[in-house]
Amino acid sequence: MKIIIYGNNMSAMGAAGVLARTGNTVYLPISSHDLDSRRISVTEPGLRGLLQSQFDSGRLRSYDPQHPPTEADIHWLNLESNAYDKAASIVADVASRHEGRLLFINQSIFGIGSTSRLNAVLGNDEQRTVVYIPDSLRGGRALESFIHPDQLVIGSDSQWAISRITAMARVLMGTNQRIRIMSSQEAEFATLALNGMLAMRLSYINELANLADNMGIDIETVRDTIAGDARIGKHFLNPGCGFGGEKFSDHLLLFSDFLKEKRRSSLLRTVIDINERQKETLFRKLWRHFQGNLKGCKVAIWGASYKPGTADIHNAPSLATIDACMAQGVEVRVHDPLALQNLAEYYRNAENLVLCSTPEQAADGADALLLVTEWPEYGMRDFDRIVSNMRRPLLLDGRNVYDPGEMQDYGFHYHGIGRKAV
Amino acid sequence: MDLTQSAEWQRLKEHSATIEQSHLNDLFRDDPARQERFAFRNQDLHVDFSKQRIVQETLGLLTDLARANDLEARIKDLFNGEKVNTFENRPALHSALRLPDYRTLDINGSDIVIDVHAQLSKMERLVERLHSAQARGYSGRPIRNVVHIGVGGSDLGPLMTNRALCDYPCPASHPLEVFFVSSMDGSQLSLLLRKLEPSETLFVIASKSFTTLDTLANAETAKDWIMERSNVDERMILQHHFVGISANPDKMTAFGISEDNQLLFWDWVGGRYSMWSCIGFPIALQIGMHRFRDLLAGAHCMDEHFRSAPLESNIPVLMAVIGIWNINFLDIHAHAVLPYDGRLARFPAYLEQLEMESNGKNTTLDLKSVDYATCPIIWGEIGPNAQHAFYQLLHQGTEKVMCDFIAPARRYNDIDDQKGSEVLRKQHILALSNCFAQSRVLAFGDHALSDTGEVPFYKRYHGNQPSTTILLDELTPFALGQLIALYEHKVFTQSVIWRINPFDQWGVELGKVMAGETLSVLHGDNSLAGQMDPSTLALINETLKLQDK
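Enquirer: Would you mind going over the overall build of chain A with me for this structure?
Expert: Helix and strand counts for chain A come out as 17 helices and 14 strands. For chain A, with 422 residues in total, the buried portion stands at 46%. Residue pairs in contact within chain A that sit at least 24 positions apart in sequence constitute 70% of those at least 6 positions apart.

Structure, rendered in structure tokens:
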């Protein structure tokens, strides 16, 4: 099939790579040259290689966004949440040039009901339709989650479109897929609702952790107990220094505003506020430890991406921490296995930011070490050496990765999230 | 020569006898072009004097009076930094606070424009820190509440301005609220503190001398409150929760405010002229630094007009001499300030201080008692509300009153996303219609009606109450800056003609001394009680008795 992808975000690139790999001819508004020159940042492991190989095979082709190819079997929309107008103009433009059947797959979410509005642009014609399929991309394992989502949701009332997509899914994902078919509005609602649920769990456990912090209670024990109840389960219950990511945050904001407008409900707004505060929790611990006198301190930060396995730093807790430290005149020394390039672009010419190629280099001479993103490689290091090279052995563990007793044995002064300091 | 003996004064006296004979109705009938003749514009302000009881000749005689009193030279002195505040031997350079940074002004061999802009920059850094949520309280959380503690000139200007410009959104990245506290008895503060989270609250202590009792009493209460709730040491509280604004850095340091958190102004800025200095910190916090600079630019625009326009078309000068005409020749001693815009609610209170503290004087510069009236009683209220309160007196009372009507021509025009803006626009037009209607009735009485018919006497309106109408194109920071500076220069011009010093306020000093004595008696020290009058002593005894209960 011939597929045109509109959009150049991670989901667009993920979809393009996988679709091209399964034999489709895919057009993407990014060129092989863009990838080489790193004008487009590819934060997903494995994605750059996949795209390159598909460009090489000739199945993946680039196009000038001003002049998209004229015809395709599927028009695939992967735009940002605030780009509804752009989506509408693409749909109108394609419709004006095509007779007969038209299939758009929309993976963008511009709000609940926006896919219906796009269908109205097409004249609400069964044969010319926009189908909403939630973007199941999860940062850090984009390709995997694209091919093997927990469930495939198809939001459409067009029978022929649904048949065509289920057939395609069978090829792409195998036969054992859980497929749920519903209206596009329901699918959009469900996507945002799911997102909000995850965020609520995180903010809830974080709020509990902050409470435990002041009470000498270990949140990890509490968390294990809650998670042990079959009704609740263990996912998205790790206390930490906040969550981030572009899509997750955008969608949460979108849904929070929607709830506020329709129901005057501030539930999700509170969830977001708690998270924004949580992103500064390590900074606050640092602040209190040094009694508000941080000027001239050196602080090491381990992990800058919003979660391990990606170079993406959108809304990452590391940014809030770095901003807060730099505003106090702190020298910030950051290590991250993938995200340093993005960080360098984000903080162009920041005087007090040092990007370090090893975790040890970051900690060297530091007054405090902050673990912000739990990359696996931070788990086991030569902590004896690290402690001896730091100016002050303060360890703030933003993900409760380390065993407090063990860290104390190394000579660290240890603070976790919702744990007794040692 | 005494002012009232001067030829110019005498000529006005004679002229007033003829004008006293005419009603404003007559003046309009005799001069169909007076609405053009007596209306003036400077940038965003349109000022209409046509409903004043003047004719062309009046303005000529009044500007003669101004010239005879060396007004032009005195304006130069004011701007050049001469010591126009003679009794305190210093200049009054509020105009220098709004000079652009490329200008220079040498005072005692140093360019004060550099100092002014250095402090503005320091203030800007503090503002940015607060706006970007990087100013932190003791817990490390960002500051979200700023409580400005000051009184008089350290309070009225910023308070009035923040209310006036409340339509402009605060450019902070997170919710940031600015509060004002001034009352000595702590009632405003205690009410406010109940709502605030100490770890997120910053106190701004604003006092030119940094010895103002009212302000320091509130500051101590604020410090106690935050200390009690935070459980951290005093040094940390002072460093992260207190900013000082003063002309007295030593006193700020003694209070414990760190140098980074000290904003300075200078003894050549009068308290009631100080909102253009770092006293404007709460304004910049609320509307952002670039809009604060627009405010300064508006005032500077009026400065340039005042220092360069010929007296005959100089709006502050005309406003001043028409005031003098009303007070000294038409015998009007009450002045109502009537804004037709709820955002200007605090403007009358601001002018009360500016005018009455400046020109409420009875001694001339050469230390003689004046034998003429100076500043009248000024009061005011949002016009439409005052219509339901004291306008009865304006229309049918026995006092002659001059009025200033103030209104923006445009409002709600740029609010696209505000639902119901059309309805709000209609409300604004409704207010304007009332503004114009009231000034008409005041001027023309029942003659404003086409047919007065058989109206009973108690329903009649005499009219002939003079007024000025100031139309702002829109209530922007720039226009507000112009408006305030207009009144500042009006006050100065009047002081020149009245030969008084508008820049001191000795009349408020004695009360402070007496309060100190009285306090010791209230505290039970009877050594001073013997000097006290029986009335006050009886009040004190009654109070002490009641407090023991």
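Enquirer: Hey, could you run me through the overall build of chain B in this one?
Expert: Along chain B, the regular secondary structure elements total 21 helices and 13 strands. If you line up chain B on its principal axes, its C-alpha atoms span 75 × 65 × 60 Å. Taking the contacts inside chain B whose residues are at least 6 apart along the sequence as the reference set, 74% of them involve residues at least 24 apart.

Enquirer: What is the right way to look at the sheet that holds strand β14 (residues 413–415) of chain A in this model?
Expert: Adjacent strands of a sheet pair through backbone hydrogen bonds, lying either parallel or antiparallel. All names here are of chain A. Strand order in this open sheet of 6 strands is β11-β10-β9-β12-β13-β14, and the pairing throughout is parallel. Only two strands of the sheet have a single partner each, and these edge strands are β11 (353–356) and β14. Sheet twist, expressed as the mean angle between neighbouring strand axes with direction ignored, is 20 degrees. Here strand β13 (residues 394–397) pairs with β14 via 3 bridges, running parallel. Note that in β14 the partner of L394 across the bridge is H413. Against the sheet, helix α12 (residues 281–289) engages β9 (298–302), β12 (368–371), β13 and β14, with an angle of about 155 degrees to β13. Of the strands in this sheet, β9, β10 (331–335), β11 and β12 touch helix α13 (residues 317–327), which is tilted by about 175 degrees from β9.

Enquirer: How do you make sense of the nonpolar core when you look at a structure like this?
Expert: Across soluble globular proteins, nonpolar side chains show a tendency to be buried alongside one another. Within the largest apolar cluster, 139 residues are counted, with the highest numbers of intra-cluster contacts made by L62, I149, F203, V204, F281, A284 and V321 of chain B. The element best represented in this core is helix α19 (residues 477–498) of chain B, accounting for 13 residues. Among all residues touching F203 of chain B, those that are not within four sequence positions of it are V147, I149, A219, A222, H241 and F242 of chain B. With 112 residues, the next largest nonpolar core counts V131, A304, L353 and I417 of chain A among its residues.

Enquirer: Would you mind showing me how to read the pairing of strand β7 (residues 152–155) of chain A here?
Expert: Moving residue by residue along a regular strand, the side chains alternate between the two faces of the sheet. Residue and element names in this part refer to chain A. Strand direction decides the pairing type here: β7 and strand β8 (residues 179–182), joined by 4 bridges, are parallel. Across the sheet, the residue bridging to G155 is M182, located in β8. Taken together, β7, helix α7 (residues 159–173) and β8 constitute a β-α-β crossover, and its handedness is right-handed.

Enquirer: Before we go on, may I ask you to explain the sheet that holds strand β1 (residues 39–42) of chain B in this structure?
Expert: Residues and elements named next belong to chain B. On the basis of which strands lie adjacent, the open sheet formed by 6 strands has the order β1-β2-β13-β12-β10-β11 and mixed pairing. In this open sheet, the two strands that pair with only one neighbour each are β1 and β11 (377–380). Looking at each pair of strands side by side, their axes are set apart by 20 degrees on average, direction ignored. Note: strand β10 (residues 334–339) against β11, 4 bridges, orientation parallel. Residue pairing across strands places H335 opposite I378, the latter belonging to β11. Contacting β1, β2 (45–48), β12 (402–410) and β13 (467–474), helix α14 (residues 315–329) runs over the sheet at an angle of about 145 degrees to β1.

Enquirer: Would you take a moment to explain helix α7 (residues 156–164) of chain B for this structure?
Expert: Owing to its 3.6 residues per turn, the α-helix brings residues three or four apart onto one side. All names here are of chain B. The element α7 is extensively covered by neighbouring structure, given that 8 of its 9 residues are classed as buried. Residues of α7 that are buried include every one of L156, G157, P158, L159, M160, T161, N162 and A164, and no others. In this fold, the buried residues of α7 make contact with β5 (145–149), β6 (177–181), α12 (281–287), α15 (347–359) and α19.

Enquirer: What exactly am I supposed to notice about the interface of chain A and chain B here?
Expert: By a widely used convention, the size of an interface equals the accessible area lost when the partners come together. Counting residues at the interface gives 8 residues for chain A and 10 residues for chain B. Of all the secondary structure elements, the ones that give two or more residues to the side of chain A that touches chain B are α12 and α13 of chain A. Looking at the side of chain A that touches chain B, the element that brings in the most residues is α12 of chain A, giving 4 residues. A per-class count over the side of chain A that touches chain B returns 4 nonpolar, 2 polar and 2 charged.

Enquirer: Please clarify how the environment of D56 of chain A should be interpreted in this entry.
Expert: Residue and element names in this part refer to chain A. The topology assignment puts D56 in helix α3 (residues 47–57). Given 10 C-beta atoms within a 10 Å radius, D56 is considered exposed. Along the sequence, D56 and N238 sit 182 residues apart, while their C-alpha atoms lie 42 Å from each other.

Enquirer: How should I be thinking about the packing of helix α8 (residues 184–213) of chain A against helix α9 (residues 219–227) of chain A in this particular structure?
Expert: Helix packing geometry: the angle between the two helix axes and the distance between the axes. Residue and element names in this part refer to chain A. Direction vectors running N to C along α8 and α9 enclose 140 degrees, while the axes themselves pass 10 Å from each other. Of the two elements, α8 crosses α9, and the hand of that crossing is right-handed. From α8, I205, L208, A209 and A212 reach across to α9, where they touch I219, V222 and R223. Of the residues that constitute the contact of α8 with α9, the class distribution is 6 nonpolar, no polar and 1 charged.

Enquirer: Looking at this structure, I do not really get helix α10 (residues 246–263) of chain A. What am I missing?
Expert: Residues and elements named next belong to chain A. In this model α10 runs 25 Å from its N-terminal to its C-terminal C-alpha over 18 residues, within 8% of the 26 Å that 1.5 Å per residue would give. On the buried face of α10, the contacting elements are α8 and α11 (267–278). At the C-terminal side of α10, R264 shows a positive phi close to 50 degrees.

Enquirer: Would you mind showing me how to read unusual backbone geometry here?
Expert: Peptide bonds are mostly trans, and most non-glycine residues show a negative phi. A positive phi angle is found at N400 of chain A, which is not glycine, with a value near 50 degrees. Mapping N400 of chain A onto the fold places it in the loop between β13 and α17 (404–410). With 22 C-beta atoms packed within 10 Å, N400 of chain A lands in the buried category. With a phi angle near 50 degrees, N108 of chain B is a residue other than glycine that sits in the positive phi range. Tracing the sequence through the fold places N108 of chain B in the loop between β3 (106–107) and β4 (110–111). Given 7 C-beta atoms within 10 Å, N108 of chain B falls into the exposed group.

Enquirer: Is there a simple way to think about the pairing of β12 of chain A in this case?
Expert: All names here are of chain A. Side chains A368 and L370 project from β12 onto one buried face, and the interleaved L369 and L371 project onto a second face that is buried too. Relative to β12, β9 runs parallel, the two sharing 4 bridges. From the neighbouring strand, A300 faces β12, where its bridge partner is L369. Looking at chain direction, β12 and β13 are connected through 3 bridges and run parallel. Paired with L369 across the two strands is L395, which belongs to β13.

Enquirer: How should I be thinking about the confidence of the model for chain B in this particular structure?
Expert: A low pLDDT means the predicted coordinates there should not be read in detail. Summing up the model confidence of chain B, the mean pLDDT is 94 and the portion of residues at 70 or higher is 98%. Reported for the predicted complex are a pTM of 0.90 and an ipTM of 0.84.

Enquirer: What is the right way to read the packing of α8 of chain A against α11 of chain A from this model?
Expert: All names here are of chain A. Running from N to C, α8 and α11 cross one another at 50 degrees; their axes reach a closest spacing of 9 Å. It follows from the interaxial angle that α8 and α11 lie oblique. Two packed elements cross with a definite hand, and for α8 against α11 that hand is left-handed. Residues G196, A199, M200, L202, S203, N206 and E207 of α8 touch α11, and the partners they reach there are L268, V271, I274, N275 and Q278. A per-class count over the contact of α8 with α11 returns 6 nonpolar, 5 polar and 1 charged.

Enquirer: I tried to follow the environment of Q353 of chain B on my own but got confused; where do I start?
Expert: Residues and elements named next belong to chain B. Checked against the element boundaries, Q353 lands in helix α15. Residue classification places Q353 among the partly exposed residues on the basis of 19 C-beta atoms within 10 Å. Along the primary structure Q353 and I378 are separated by 25 residues, whereas in three dimensions their C-alpha atoms are 9.1 Å apart. When neighbours within four sequence positions are excluded, Q353 is seen to be in contact with G152, L156 and R272.

Enquirer: Is there a simple way to explain the environment of R425 of chain B in this structure?
Expert: Considering the arrangement of structural elements, one finds R425 of chain B in helix α18 (residues 421–444). Expressed as a C-alpha distance, the spacing of R425 of chain B and P198 of chain B, which sit 227 residues apart in the sequence, is 40 Å.

The rules we used
Residues numbered from 1 in each chain as written. Chains lettered and ligands numbered in written order. Predicted model: local features only at pLDDT ≥ 70, side-chain atom pairs only at ≥ 80, totals over all residues. Helix = DSSP H or I, 4+ residues; strand = E, 2+ residues; numbered from the N terminus. Buried ≥ 20, exposed ≤ 12 C-beta atoms within 10 Å, placed from the backbone. Contact = placed C-beta atoms within 7 Å. Pairing = 2+ DSSP bridges. Axes fitted to C-alpha atoms, helices over the stretch in contact; angles between N-to-C directions. Core = buried A, V, L, I, M, F, W, Y, C linked by C-beta atoms within 7 Å. Right-handed = clockwise from strand over helix to strand, strands pointing away. Nonpolar A, V, L, I, M, F, W, Y, C, P; charged D, E, K, R; others polar. Left-handed = near helix turned anticlockwise from the far one by under 90°. Expected span 1.5 Å × (residues − 1). pLDDT = per-residue confidence, 0-100. Parallel < 35°, antiparallel > 145°, perpendicular 65-115°, else oblique.

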